[in-house]
Amino acid sequence: MSALTLNQGQTPVNGLNRGPSLFWRLYGVKGWLAIGIGALIAFVVFPVLNLLVPPTSALHISAFWVTLIGKIMCYAIVALALDLVWGYAGILSLGHGLFFALGGYAMGMYLMRQIGREGQYQADLPDFMVFLDWKELPWHWSMSDQFWWAAVLVVLVPGVLAFVFGYFAFRSRVKGVYFSIITQALTFAAMLLFFRNNTGFGGNNGFTDFKRILGFSITAPETRMALFVITALTLIGTFLAARWIVTSKFGRVLEAIRDAEARVMFCGYNTMHFKLAIFTFSAVLCGIAGALYVPQVGIINPSEMSPANSIEMAIWVAVGGRGTLAGAILGAGLVNGAKSFFTVAFPEYWLFALGAIFICVTLFMPRGVMGLLKR
Amino acid sequence: MKAALPIEVTAGQGTVLYLDGISVSFDGFKALNNLSLMIDAGELRCVIGPNGAGKTTMMDVITGKTRPDEGRALFGEAADLTRLSEAEIAQAGIGRKFQKPTIFEALSVFENLELAMKADKRARTTLLSKLSSEQHDRIAATLTLIGLRNGADRIAGLLSHGEKQWLEIGMLLAQEPKLLLLDEPVAGMSDHETERTAELFLSLAGTHSLVVVEHDMAFIETIARKVTVLHEGRVIAEGDMNKVKNDPRVIEVYLGR
Amino acid sequence: MLLQGKGAAALAALFISASAFALDRSALEKLASDDNDEKIAAIAALVAEGDPKAADVLKSAAEGEIELDGKKVEIVVNNRVRARIAEALSVLKLLSPDNAERHAAATALTGGADPAMLSLVLKARDAEQDPAVKKLLELATAAMQLRSEDKETRLAAIRALAGSDNKALLVEAASDADEDIKRAAQKTLRAMDDRLVWGEWLGLAFAGVSLGSILLLAALGLAITYGLMGVINMAHGELIMIGAYTTYVVQGWFRGSAAFDFYLVAAIPAAFVVSAAVGMLLERSVIRWLYGRPLETLLATWGISLVLIQAVRTIFGAQNVQVENPAFMSGGIQVMANVVLPWNRIFIILFAAGVLVAMWALLSKTRLGLYIRGVTQNRSMAACVGVPTARVDTWAFGLGSGIAGLAGCALSQVGNVGPDLGQGYIVDSFLVVVFGGVGQLAGTVYAALVLGFANKLLESWSGAVLAKIAVLVFIIFFIQRRPQGLFALKGRAVEA
Ligand SMILES: Nc1ncnc2c1ncn2[C@@H]1O[C@H](COP(=O)(O)OP(=O)(O)OP(=O)(O)O)[C@@H](O)[C@H]1O
Ligand SMILES: [Mg+2]
C-alpha cells in the first residue's frame with residue numbers, strides 16, 4: 001500500500017473557526033490523493049499486471065506477491081482495529097488474535113463445506129470428522145454451507161464475544177495491564193479449546209485444503225485477484241471509517257479516556273459505553289480481516305490464537321506509531337514485510353529481529369515511524 | 001471580573017447537597033466518620049482541615065467515586081448520590097475539580113472544553129454530533145474567561161501549571177453544574193491568579209453552589225462566608241470565619257497536640 | 001536371598017523334564033489355524049508344558065508369524081488372541097529365576113488370565129518363595145478362578161480378591177446370575193471402594209499440592225518483580241527456562257562422575273545466579289527506562305523473551321534436552337495401595353516451601369528486604385532517607401529473576417526442558433499473582449495452591465484441557481469481580 005505517503009490531514013477542529021465539511025474533515029488534499037493512489041494500485045495496477053500481463057513479462061506480478069500483499073492488507077485491517085482501541089482509547093487488548101482467528105474459522109467452516117465430496121475420504125462430512133468417525137455434523141456446523149450464514153458468523157462471533165467479555169471487564173473497571181493479562185488468558189483458553197479434536201474445528205490441523213469459494217475455484221488467479229481487490233476495498237473502507245470515528249467527538253472522548261478516564265466520567269460521560277463500543281467494533285473488524293485472510297492463505301489453525309500472535313499485532317501498531325491510523329497500516333506492512341524477508345533469507349534470525357524491534361520501538365521510538373516522519 | 005459567563009442562572013431554593021451520617025473506612029481506617037453536611041442553594045462553602053482530614057474523600061463520596069459504608073447523600077430534590085454512577089452524578093449537575101489538575105493532555109484546549117461542555121453525552125450521539133454555532137460561542141466565551149482565548153489550539157499537555165488549573169476551571173464551568181466541588185483550586189497559582197480565582201468564585205456564588213477545599217488561609221479569608229472544619233473524618237466546627245478561628249478545638253487541631 | 005535362590009532353582013527343576021521334549025506339534029498346527037478359539041486353546045497347551053521355547057514361538061506369533069516344520073507361516077492375530085499371548089508370556093516368565101522378572105509377570109497376571117493356564121500358575125504359586133510375588137500370585141489365581149465352574153471356588157476367589165485393588169475383576173461378578181456370588185462380589189466391591197476412595201483423595205490432594213508448588217515456584221519470582229515492583233515482565237518464563245538450562249549444563253559437567261547424585265547442590269545456586277545475572281542485566285539495560293509505563297514494559301520484555309528463546313535455540317538446539325534426576329529422586333513412596341508419591345514431586349514441594357521461607361525471611365529480616373519494601377511503597381520518600389533506589393531496583397529485580405531460575409531448576413526435574421519451557425508458564429504465573437492480589441506474598445501462595453487444587457480436581461472429571469480452560473475462564477471472571485485479587489487490601493495502591 002502507499003500508506004507511506006499518507007498524511008494525517010489538517011487538524012479537524014480548527015480553533016474558533018467552524019469545522020470543515022465531512023469530506024475535508026477526514027483528510028486534506030494530500031491525504032485523499034494518497035488514498036486515491038493506493039486505490040488505483042490495488043484496483044487497477046495489480047489486477048492488470050497480474051492477470052493481463054503474461055508471466056514472461058518483467059512487469060508481471062506473480063501470485064506470490066498477490067497473496068503476500070493480500071495477507072498484509074488483512075494484517076493492516078487488524079492493526080487499524082487494534083490502533084483504535086490501544087492507540088486511541090489506551091486499552092491494550094492481547095485478544096485480537098482470537099477475534100481474527102474466530103473470523104477466520106467462521107469463514108473456514110464455509111470453505112470446508114465447499115470442498116464437498118472432493119476431500120480425501122470423498123465423504124459428505126469434512127475430512128477431519130470422517131477421521132474422528134463422526135456420523136453427522138455437530139450442531140454448530142448447521143447452515144455452515146450457506147455463505148450468508150458464514151458472513152453473519154464472521155461479524156457476530158467476534159462481536160458478541162468482545163461485547164460480553166468487554167461488558168464484564170469494563171463494568172468492573174478492569175484496565176491497563178490487568179486487561180491485557182486477562183485478554184491474553186482468554187486467547188490462551190480459546191487456543192486450548194480449539195486444539196481439542198472434540199471441539200469440532202479440526203483440532204491441531206484446523207482447516208485447510210480448500211477447493212472453492214462461492215463455487216469459484218479458490219486457486220484460480222481470477223478468484224485470488226477478486227479476493228485481493230475485496231481486501232483492498234475493505235482496508236480502505238476500514239481506514240475511512242476509523243478516520244471518521246477518530247475525528248468525531250466520539251474519537252476525542254476515546255483519547256480523553258486514554259489520558260484521564262476519571263475526568264471523563266466526572267464530565268458526565270459513561271466511559272464504559274465508549275470503551276465497549278470501540279472494543280466491539282474493533283473485534284468485528286478483526287473478524288472480517290480473518291475471514292478475508294483464510295481463503296487467501298488457505299489455512300487456519302489454533303496456533304493463530306497463540307498469545308504470541310496477539311502481542312505481535314501490538315508491535316505492528318507500535319512500530320507504525322500509536323494513535324495514527326496511517327501508522328498502523330505502515331507498521332503492519334513494515335513488520336510483516338520484514339518477517340517475510342527474514343523467514344526466507346535468515347529464518348533463524350527472525351526472532352532476534354522481532355525481539356529487537358519490540359525492544360527498540362518501545363525504548364527509542366515511542367511514537368513509532370510516524371513520529372520520526374513528522375519530526 | 002464581569003465577563004459574560006457562559007452559564008445559565010440556576011435558581012433553586014433550599015438545600016442542594018445533603019450529607020447525613022456518612023462513614024467511609026479503608027481497611028479499618030475511618031477516613032470519614034459519621035460526617036454530616038448541608039449546602040444551600042447559591043452558597044459558597046469553604047471546607048478546611050489538616051492533611052488527611054478526609055476532605056478529598058468527602059468529594060469522592062459526593063461524586064460517586066467512593067461508596068460510603070453508611071449514611072445518606074442526597075443532591076437536589078431526589079437524587080441519591082450513593083446509587084448513581086459518576087457519569088450520572090455529573091449529568092445531574094455536580095462538577096468537580098481535582099486536587100491534582102487533570103485535563104486531557106493530548107487534546108487541544110478547545111477540545112478539552114468541547115468535551116466538558118454541557119451536551120448530550122451518550123456514546124451514540126457523540127459519534128454524530130457537530131458543534132452548533134451557539135456552542136462555539138459559548139466555548140469562545142469560556143476561553144476568554146479563563147484567559148486562553150489565544151491558546152485555543154494549543155495542546156493542553158504543554159500548558160503551564162497555572163494555565164492547566166484555569167483550563168480545568170473552565171472545563172468545570174463549561175459543564176454548567178449546579179454544584180461545584182473545588183479541591184485546592186489555587187494550589188500553584190500566582191497571587192494575581194489567586195485573586196482572579198477568588199473574584200470568579202464570588203461571582204459564581206449566588207447562582208451556583210460551591211464547595212471549596214483549600215489550605216491557603218488567605219484565600220479562604222477573602223472568599224469565606226461559611227467555613228466547615230473537618231478533622232479525622234468528622235465536622236468539628238462550622239460557622240463564619242471569625243467564629244471558627246476562635247474555636248478552641250480548631251486551634252488545638254491546627255496548632256498543637 | 002539364599003533361600004530365594006534355592007526356590008528359583010527348585011522351580012526350574014520342576015520344569016526341566018518338560019523342556020526336554022520338543023514343542024507339541026499339534027499345538028503349533030492349531031496355532032496356525034484360522035479359528036481363534038483353536039488358537040487360544042493352542043496357546044494354553046503350549047504354556048501348560050512350561051517349555052521355555054514356547055516363549056519364542058509365542059513372541060513371533062504375536063508378530064503374526066510362526067515356524068512350522070521349518071517353514072514360516074503367517075497367522076492372523078486379533079486383539080483377543082494377542083491378549084492371550086501376552087498372558088501366556090507372563091505365565092512363562094513366572095519360571096524365571098530372576099525375582100524382579102517374576103514380580104513383574106505376577107503383577108501383570110493379577111488382572112486375570114485364561115483359566116486354561118491356571119494349573120501352571122498354581123504350580124508356580126506353590127513353588128514361589130518370595131512372599132511379595134507369592135501374594136501377587138495368589139491374587140492372580142483368584143482372578144483366574146473367578147470364572148471357574150465351581151461355585152465354592154468362585155466364592156473363595158471373591159474373598160481372596162478382597163485384598164486386591166482391582167475393581168474391574170469383580171464388576172462382572174457383581175451382576176452374576178447366581179445370587180450368592182452376586183452378593184459376595186458386591187460386598188467385596190463396596191469394601192474395596194471404601195478403602196480406595198481415601199487413596200484417590202489423597203492422590204488428588206498430592207497432585208494438587210504438587211502442581212500448586214510448581215505454580216508457586218513459577219509465580220514467586222513474579223510476585224517480587226510484578227507484585228512488588230510493578231514491572232510486568234513477560235520474559236519471566238524465559239528466566240525460568242534459563243534456570244532449567246543452567247541445571248542441564250551443570251548436570252552435564254557431573255555426568256559420569258561419582259558425585260552425579262549431588263549435582264543439584266551445584267545446580268541450584270548456579271541456576272539462581274545465572275538467572276539473577278540475566279535479570280539484572282535486563283533491568284539495567286531495558287526495564288529501567290520503562291518504569292511507570294506498564295504497557296511498554298510488557299512489549300519490551302516480550303521482545304526480550306523472543307531474543308532469549310532464540311538465543312537458547314541457537315546455543316542448545318531447538319530440541320528438548322534431557323535432564324537426568326539424581327538416583328534418590330526417582331521412584332516414590334507407596335503410601336497406600338493405589339497411591340504412590342514420586343520422590344521428585346515430594347522434593348519439589350519441599351523445595352518450594354524452602355524457597356518461600358527463604359524469600360520471606362529475606363524480605364522481612366534483611367536490610368535489602370527493608371529497602372525493597374520501602375522503595376516499592378514510597379519511592380521518593382525512600383530516596384529522601386538515603387536509600388539508593390536505583391540499585392535497590394536492580395537487586396530486587398535480580399532477586400525475582402533468581403527465584404525464577406530456581407523454579408527452572410525444579411521444573412527440569414519433572415518435565416521436559418526446551419526453549420519453549422517458559423512460554424507455558426507465563427500465562428499461569430501472571431494469573432497466580434493477579435489472582436492472589438498484587439503485592440501480596442501470602443496471596444500468591446494461596447492462589448498457587450488453590451489453582452493447583454482446582455486444576456487437578458477438575459482434571460479428574462473433565463480431562464486436562466477442559467480443566468485448564470475452566471480454570472482460566474474462572475480466573476478471568478474472578479478478576480472482573482474482584483480486580484484487586486483474593487487478598488489485596490482495599491487501598492490507594494490498588495488504584496494507582
Ligand atoms: N483509597 C484509599 N485507600 C486507603 N486510604 C485512603 C484512600 N483514600 C484516602 N485514604 C486515607 O483517608 C484519609 C483521608 O484522605 P483525604 O485524601 O480525604 O485527605 P484530605 O483531607 O484530602 O488531605 P489533603 O489535605 O492532604 O488533601 C487519609 O489518611 C488517606 O490516607
Ligand atoms: Mg485532599
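For every chain, the first residue of the written sequence is number 1, and numbering continues from 1 along that sequence. Chains and ligands are labelled sequentially in the order written, the chains with letters from A and the ligands with numbers from 1. Note on the predicted model: pLDDT of at least 70 is required for a residue's local features to be given, and 80 or more for side-chain atom pairs to be given and counted; whole-chain, interface and lining totals, by contrast, use all residues. Working from all heavy atoms in the structure, the side-chain values ignore hydrogens and water.

Asker: What exactly am I supposed to notice about the confidence of the model for chain C here?
Answerer: For residues with low pLDDT, the predicted coordinates do not support detailed interpretation. Residue and element names in this part refer to chain C. pLDDT gives the predictor's per-residue confidence on a scale running from 0 to 100. In this model, chain C carries an average pLDDT of 81, and 92% of its residues clear a pLDDT of 70 or more. Should any heavy atoms of two residues lie within 4.5 Å, those residues are counted as being in contact. The low-confidence segment residues 1–21, where pLDDT is below 50, has 22 contacts with residues more than four positions distant or belonging to other chains. Throughout residues 489–496 the model reports pLDDT below 50, and contacts reaching past four residues in sequence, or to other chains, amount to 10 contacts. Note on the complex model: pTM 0.82, ipTM 0.88.

Asker: Would you take a moment to explain the domain arrangement of chain C for this structure?
Answerer: How big an interface is tends to be reported as the loss of accessible area on association of its parts. All the domain ranges listed were derived from an automatic or database domain assignment. As assigned here, chain C comprises domain 1 (2–158) and domain 2 (198–495). The C-alpha-based centres of domain 1 of chain C and domain 2 of chain C are spaced at 51 Å.

Asker: Quick question: what am I supposed to make of the coordination of the magnesium ion (ligand 2) here?
Answerer: Around a metal, the ideal angle is 109.5 degrees if four donors adopt a tetrahedral arrangement and 90 or 180 degrees if six donors adopt an octahedral arrangement. All names here are of chain B. Donor atoms from the polypeptide that coordinate the magnesium ion (ligand 2) comprise Thr56 (OG1) and Gln99 (OE1), at 1.8 to 2.3 Å from the metal. One end of the pair, Thr56, is in helix 1 (residues 55–62); the other, Gln99, is in the loop between strand 6 (94–97) and helix 3 (109–116), with 43 residues separating them in the sequence. Burial status follows relative accessibility: with a 1.4 Å probe on protein chains alone, a residue under 20% of its type maximum counts as buried, one over 50% as exposed, and anything between as partly exposed. Given a relative accessible area of 37%, Gln99 falls into the partly exposed group. Each metal site lists N, O and S donors within 2.8 Å (3.2 Å for Na, K and Ca). With water left out of the atoms, a site can look as if it is missing ligands. By definition, any uninterrupted DSSP run of H or I lasting at least four residues is a helix, any uninterrupted run of E lasting at least two residues is a strand, and each is numbered from the N terminus.

Asker: Teacher, can you tell me more about the sheet that holds strand 10 (residues 234–239) of chain B here?
Answerer: Note on sheets: strands pair through backbone hydrogen bonds, and any given pair is parallel or antiparallel. Residue and element names in this part refer to chain B. Whether two strands pair comes down to DSSP finding at least two bridges between them. Ordered by their spatial adjacency, six strands build an open sheet running 6-7-8-3-9-10, and the pairing between neighbours is mixed. Strand pairing shows two members of the sheet lacking a second neighbour, strand 6 and strand 10, which therefore form its edges. If you compare each strand with its neighbour and ignore which way they point, the axes differ by 20 degrees on average. In terms of strand pairing, strand 3 (residues 44–48) meets strand 9 (residues 226–231) through four bridges, oriented parallel. Its bridge partner being in strand 9, Cys46 is matched across the sheet by Val227. Angles shown run from 0 to 180 degrees and are taken between the N-to-C directions of axes, each axis being a line fitted to C-alpha atoms and, for helices, limited to the stretch in contact. Contacts between helix 6 (residues 161–174) and the sheet are confined to strand 6 and strand 7 (179–183), with strand 6 contributing the most and set at about 175 degrees to the helix.

Asker: Can you help me understand the interface of chain A and chain C in this one?
Answerer: Contacts between chain A and chain C engage 39 residues on the former and 40 residues on the latter. Accessible area that two parts lose when put together, with a 1.4 Å probe and added across both, is what the buried area reports. Between chain A and chain C the total buried area reaches about 3500 Å² when both faces are included, carbon and sulfur atoms providing 80% of it. Here a salt bridge means any side-chain nitrogen of Lys or Arg lying within 4 Å of a carboxyl oxygen belonging to Asp or Glu. Counting across the chain A and chain C interface gives one salt bridge. For Arg322(A), the salt bridge goes to Glu296(C), with nearest N and O atoms at 3.1 Å. Elements supplying a minimum of two residues to the side of chain A that touches chain C: helix 6 (147–171), helix 7 (176–195), helix 11 (307–320) and helix 13 (350–364) of chain A. Broken down by element, the side of chain A that touches chain C gets its largest block of residues, 13 residues, from helix 7 of chain A. Classes in brief: Ala, Val, Leu, Ile, Met, Phe, Trp, Tyr, Cys and Pro nonpolar; Asp, Glu, Lys and Arg charged; the others, Gly included, polar. Partitioning the side of chain A that touches chain C into residue classes produces 28 nonpolar, seven polar and four charged.

Asker: Which parts of the structure should I look at to understand unusual backbone geometry?
Answerer: As a rule of thumb, non-glycine residues mostly have phi less than zero, and peptide bonds are mostly trans rather than cis. Residue and element names in this part refer to chain A. You will see that Asp133, though not glycine, has its phi angle at about 70 degrees, which is positive. With respect to the secondary-structure elements, Asp133 resides in the loop between helix 5 (127–131) and helix 6. At Met143, a position not held by glycine, the phi torsion is positive, near 70 degrees. By the secondary structure assignment, Met143 is in the loop between helix 5 and helix 6.

Asker: Looking at this structure, how should I read the site of ligand 1?
Answerer: Nearness of a residue to a molecule or strand requires only that one of the residue's heavy atoms be within 4 Å of it. Near ligand 1, the surroundings consist of 15 residues, among which Asn51(B), Lys55(B), Thr56(B), Thr57(B) and His215(B) are the closest. Mapping the residues adjacent to ligand 1 onto the chains of the assembly identifies chains B and C. In protein, a polar contact means a hydrogen-donor-capable atom and an acceptor-capable atom, both N or O and within 3.5 Å, with residues adjacent in sequence counting only if both atoms are side-chain atoms; elsewhere, any N or O pair within 3.5 Å suffices. Note that an oxygen atom of ligand 1 is positioned 3.2 Å from one of the backbone N or O atoms of Ala53(B). Between ligand 1 and Thr57(B), the relevant distance is 2.5 Å, taken from an oxygen atom to a side-chain nitrogen or oxygen of the residue. About the coverage of ligand 1: the protein hides 81% of its 630 Å² of free accessible area. With three residues, helix 1 of chain B is the single largest residue contributor to the shell around ligand 1. When its residues are assigned to classes, the shell around ligand 1 shows four nonpolar, eight polar and three charged. Reported accessibility uses the Shrake-Rupley method at a 1.4 Å probe radius. Residues are deemed covered only where the shown protein chains occlude them.

Asker: Whenever I open this one, the packing of helix 15 (residues 343–365) of chain C against helix 18 (residues 389–411) of chain C confuses me. Can you help?
Answerer: Axes are the key here: two packed helices are described by the angle between their axes and the distance separating the axes. All names here are of chain C. Running from amino to carboxyl end, helix 15 crosses helix 18 at an angle of 170 degrees, the nearest separation of the two axes being 11 Å. As the angle between them shows, helix 15 and helix 18 are arranged roughly antiparallel. On helix 18, the residues touching Ile348, Phe351, Val355, Met359 and Leu362 of helix 15 are Leu399, Ile403, Leu406 and Ala410. Looking at the contact of helix 15 with helix 18 residue by residue, the class counts come to nine nonpolar, no polar and no charged. Orientation labels follow simple angle bins: below 35 degrees gives roughly parallel, above 145 gives roughly antiparallel, 65 to 115 gives roughly perpendicular, and whatever is left gives oblique.

Asker: Just to check I follow, could you spell out the nonpolar core for this structure?
Answerer: As a rule of thumb, nonpolar side chains are buried together in soluble globular proteins. In terms of nonpolar packing, the biggest core is built from 269 residues, with Phe207(A), Leu167(B), Phe201(B) and Tyr226(C) touching the most fellow members. Among the elements that make up this core, the one with the highest residue count is helix 3 (residues 63–88) of chain A (15 residues). The residues contacting Phe207(A), other than those within four sequence positions of it, are Tyr105(A), Gly108(A), Met109(A), Met112(A), Phe128(A), Trp141(A), Phe201(A), Gly202(A), Gly298(A), Ile299(A) and Ile300(A). We call a set of buried residues a nonpolar core when its members are Ala, Val, Leu, Ile, Met, Phe, Trp, Tyr or Cys and they connect through side-chain atoms within 4.5 Å of each other. In this structure, Ala27(C), Val77(C), Leu89(C) and Val121(C) belong to the second largest nonpolar core, which totals 40 residues.

Asker: Can you walk me through the domain arrangement of chain B in this structure?
Answerer: Residue and element names in this part refer to chain B. Looking at the assigned domains, one finds that chain B contains domain 1 (1–93 + 181–257) and domain 2 (101–176). Across the contact, 22 residues belong to domain 1 and 16 residues belong to domain 2. For the pair domain 1 and domain 2, the summed buried area comes to about 1500 Å², and 66% of that belongs to carbon and sulfur atoms. At the junction of domain 1 with domain 2, the criterion picks out three residue pairs in polar contact (both at pLDDT 80 or more). Only helix 2 (86–92), strand 7 and helix 7 (191–204) provide two or more residues apiece to the side of domain 1 that touches domain 2. The biggest single contributor to the side of domain 1 that touches domain 2 is helix 7, with five residues. Considered class by class, the residues forming the side of domain 1 that touches domain 2 number 15 nonpolar, three polar and four charged.

Asker: Is there a simple way to explain the side chain of Thr297(C) in this structure?
Answerer: Residues and elements named next belong to chain C. Along the chain, the position of Thr297 falls in helix 14 (residues 294–316). With relative accessibility at 4%, the residue Thr297 sits in the buried group. There is a polar contact of 3.3 Å between the side chain of Thr297 and the backbone oxygen of Leu290. When residues no more than four places from it in sequence are discounted, the contact partners of Thr297 are Val231, Ile232 and Leu290.

Asker: I keep staring at the packing of aromatic side chains and nothing clicks. Help me out?
Answerer: Geometrically, a pair of aromatic rings is defined through the distance of the ring centres and the angle of the planes. Pairing of aromatic side chains here covers Phe, Tyr and the six-membered ring of Trp, requires ring centres within 6.5 Å, and sorts the geometry by plane angle: under 30 degrees stacked, over 60 edge-to-face, intermediate tilted. If you walk through the whole model with that rule in mind, you get 47 aromatic pairs over all chains. Here Trp141(A) and Phe207(A) contribute two aromatic rings whose centre-to-centre distance is 5.5 Å and whose plane-to-plane angle is 75 degrees, an arrangement assigned as edge-to-face. Residue Trp141(A) is located in the loop between helix 5 and helix 6, and its partner Phe207(A) is located in strand 1 (residues 207–208); the two are separated by 66 residues in the primary sequence. Its relative accessible area of 0% is what places Phe207(A) among the buried residues. Ring centres of Phe201(B) and Phe219(B) lie 6.1 Å apart, and the angle between their planes is 75 degrees; this geometry places the pair in the edge-to-face category. Here Phe201(B) is found in helix 7, whereas its partner Phe219(B) is found in helix 8 (residues 217–223), with 18 residues between them in sequence. Accessibility classification places Phe201(B) together with Phe219(B) in one group, the buried group. Consider the ring centre and the ring normal. A charge sits over the ring if Lys NZ or Arg CZ is within 6 Å of that centre and within 35 degrees of that normal. Note that Arg96(B) overlies the ring of Phe266(A), its terminal NZ or CZ placed 5.4 Å from the centroid. When the ring centre of Phe98(B) is taken as reference, the NZ or CZ atom of Arg96(B) above it lies at 4.8 Å.

Asker: I tried to follow the environment of Val229(B) on my own but got confused; where do I start?
Answerer: Residue and element names in this part refer to chain B. Here Val229 is to be found in strand 9. We classify Val229 as buried; its relative accessible area is 0%. Sequence-wise, Val229 and Lys164 are 65 residues apart; in three dimensions their C-alpha atoms are separated by 28 Å. Excluding its chain neighbours within four sequence positions, the residues that come into contact with Val229 are Ile48, Arg234, Val235, Ile236, Ala237, Val244, Val250 and Tyr254.

Asker: I tried to follow the environment of Gln310(C) on my own but got confused; where do I start?
Answerer: Inspection of the secondary structure assignment puts Gln310(C) in helix 14. Note: C-alpha distance between Gln310(C) and Ala244(C) (66 residues apart in sequence) is 15 Å. Contact partners of Gln310(C), with chain neighbours within four places excluded, come to Glu348(A), Leu351(A) and Phe352(A).

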